[in-house]
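What follows is the residue order along each chain.
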Amino acid sequence: VKYMFMIPSKKLFGSKTPAIAKGGVEAGETTLQAAIREAEEELGLNRLNIDMSTMQKVFEGHVMGRIKLQHLTVYTVRVLDKDDFGPTVDETFATIWLTAKGFKRAGHEHHKFIVQETCDRIEAK
C-alpha cells in the first residue's frame, strides 16, 4: 500500500521532507471539506478520482507545528487512479508516493507517528 505525501516548496511551509498535506479550516468549512480542499491544492487531488466510501478520519489530535502545537485532523481515502492528479499550489515542491516504511525513513519527523498508526490500521484490514 502506498500513500501520497507532499514535499513543501519553502521552509515556511515545512522542511523539504515528505509531509502530510495540511492547512487551516476556513469559515463555514467542516474538517472533511478542508481536508479535501487542501488535498486538491497541495496534492493535486481530483475529487472525481476518489472512492468516497473509503473516506475515514484516521487521526485527530495535536502535533508540533513550525512554531507551536497545532490541532490536526487527518483523513484517508482510496484514489481510483494514482496517475489522475492535477497541478498543485506553490506551497508544494513535489508529491511523492511512499509506503509506511518509506515515510518512516524519509518523512517529516512530527508526522511519523500519525502515518505509522494510520498505515497499521489500514493495512491490518
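Note that the coordinates shown come from a computational prediction; the quantities given were computed from them, not determined experimentally.

Colleague: Before we go on, may I ask you to explain the side chain of Asn 49 in this structure?
Modeller: Note that Asn 49 resides in the loop between α1 (31-43) and β2 (50-64). On the basis of relative accessible area, Asn 49 is assigned to the buried category, the value being 2%. A polar side-chain atom of Asn 49 sits 2.8 Å from the main-chain amide nitrogen of Asp 81. If we ignore the near neighbours within four places in the chain, the residues touching Asn 49 are Arg 78, Val 79, Leu 80, Asp 81, Asp 84 and Phe 85.

Colleague: Sorry, what's going on with the nonpolar core here?
Modeller: One broad trend across soluble globular proteins is that nonpolar side chains are buried collectively. Of all hydrophobic cores here, the largest spans 14 residues; its most connected members are Phe 5, Ile 20, Phe 59, Leu 72, Val 74, Ile 114 and Val 115. At the level of elements, β1 (3-8), β2, β3 (69-79), α2 (100-106) and α3 (112-123) are the ones that each hand at least two residues to this core. Among all residues touching Ile 20, those that are not within four sequence positions of it are Phe 5, Met 6, Val 74, His 111, Ile 114 and Val 115. Met 4, Met 6, Ala 39 and Val 79 belong to the second-largest nonpolar core, a separate cluster that totals nine residues.

Cut-offs and rules
Residues numbered from 1 in each chain as written. Predicted model: local features only at pLDDT ≥ 70, side-chain atom pairs only at ≥ 80, totals over all residues. Heavy atoms only, no water. Helix = DSSP H or I, 4+ residues; strand = E, 2+ residues; numbered from the N terminus. Buried < 20%, exposed > 50% of the residue type's maximum accessible area, 1.4 Å probe, protein only. Polar contact = N/O pair within 3.5 Å; in protein donor to acceptor, adjacent residues only side chain to side chain. Contact = heavy atoms within 4.5 Å. Core = buried A, V, L, I, M, F, W, Y, C linked by side-chain atoms within 4.5 Å.

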